[in-house]
Amino acid sequence: MHKVLPLVLYALILLTFSSCKDTDNRLISKDPMVLAFFTVEEAKELQLIHDFFIDQICPTGDENNANGASCLTQFMQDNKIAATTTGAIDIPIEHTQKVEFLKQLSPALFNKIWTEHYEFGYLEHDNEKTYMHFLYELGYYNDLIKEYSEECMSRGGVNGFASSLILNQPDEFDMTDCKQRLLIAIHYFTWDYNNHISEKVYGEI
């Protein structure tokens, strides 16, 4: 009995360590692929983008746990249904909130994700952006993400076809993967931000 006890304690310690490691791996700020493209400080800011978006969509108390992933999955599925019925997708974030949030990001990170359109202020991606290279790398593990990144790179950012790829195929994404949650957060943040600008420039769309 005395010989078994140390083994049990070792197993418990190992399990605890593994759980902590798994928790870290759910965080964008700790993800090895993210850190291959962004600095530690930039990864922390990406975590803020991720957490801000999910908390606004479906506050769960922890944007990185299973509830957050499940809620974001439901959000995407609801969008697909809404697009085919009412045609309206609801992103419950005020434009002023988005503007204020962007001001909190460092210029270094902002410029690795977006270029602001010189005349109207649209948020655009291009193929020189670090974020686009990150998405292309992520696309090696998901064909839909690869197609999405290639579309954004070729057209200068989020466009109708790129949006339809995400809107119509929510089941192709794994919301337990923090990197894919980040993609969804940045996509819908950008899409909704630009839609608001289009309404101001062209009227209701």
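As shown above, the structure is provided for reference.
A. Fine view of the overall build of the protein chain. Per the secondary structure count, the protein chain includes 10 helices and 2 strands. Among the 205 residues that make up the protein chain, the fraction classed as buried is 44%. For the protein chain, the proportion of contacts with a sequence separation of at least 24, taken over those separated by at least 6, is 59%. Accessible surface, the protein chain: about 11,200 Å² in total, of which carbon and sulfur atoms supply 55%.

B. Structural detail: a negative patch on the surface. Judged by side-chain charge, D143, E147, E150, D171 and E172 come together as a negatively charged surface patch. Tracing the sequence through the fold places E150 in helix α8 (residues 143-155).

C. Molecular detail of the side chain of S198. With respect to the helices, strands and loops of the structure, S198 is situated in helix α10 (residues 178-202). Of the residues examined, S198 reaches a relative accessible area of 12% and is grouped as buried. Of note is the side chain of S198, whose polar atom sits 3.2 Å from the side chain of Y122.

D. Broad picture of the layout of surface pockets. In this structure, the largest pocket spans a volume of roughly 350 Å³. In terms of lining residues, the largest pocket is bounded by 16 residues, among which I89, W191, D192, N195 and E199 are the most central. Among the elements of the structure, α5 (95-104) and α10 are those that each provide at least two residues to the lining of the largest pocket. Sort the elements by how many residues they give to the lining of the largest pocket and α10 lands first, with 5 residues. Quantified by volume, the second largest pocket comes out at close to 200 Å³.

E. Structural view of the environment of F173. With respect to the element layout, F173 can be found in the loop between α9 (160-168) and α10. Residues F173 and L144, spaced 29 residues apart in sequence, show a C-alpha to C-alpha distance of 8.4 Å.

F. Broad picture of the state of the cysteines. Using the criterion set out here, one finds 1 disulfide in the structure. The disulfide partner of C58 is C71, and the S-S distance across this bridge is 2.1 Å. Separated by 13 residues along the polypeptide, C58 in the loop between α3 (40-57) and α4 (66-85) and C71 in helix α4 bring together distant segments of the chain. Look at C58 and you get buried, because its relative accessible area is 7%. Take C71: its relative accessible area is 22%, and that puts it in the partly exposed class.

Reading the values: the criteria
- Residues numbered from 1 in each chain as written.
- Predicted model: local features only at pLDDT ≥ 70, side-chain atom pairs only at ≥ 80, totals over all residues.
- Heavy atoms only, no water.
- Helix = DSSP H or I, 4+ residues; strand = E, 2+ residues; numbered from the N terminus.
- Buried < 20%, exposed > 50% of the residue type's maximum accessible area, 1.4 Å probe, protein only.
- Contact = heavy atoms within 4.5 Å.
- Areas by Shrake-Rupley, 256 points an atom, 1.4 Å probe, with all protein chains shown as cover.
- Patch = residues over 30% accessible without salt bridge, like charges linked within 9 Å, V, L, I, M, F, W, Y side chains within 5 Å.
- Salt bridge = Lys/Arg side-chain N within 4 Å of Asp/Glu carboxyl O.
- Lys, Arg positive; Asp, Glu negative; His and termini not counted.
- Charge placed at Lys NZ, Arg CZ, Asp CG, Glu CD.
- Polar contact = N/O pair within 3.5 Å; in protein donor to acceptor, adjacent residues only side chain to side chain.
- 1 Å grid on protein atoms, 1.4 Å probe; cavity = no way out; pocket = protein on both sides within 12 Å on 5 of 7 lines; lining within 4 Å.
- Points joined across faces, edges and corners; volume = space filled by probe spheres on them.
- Disulfide = S-S within 2.5 Å.

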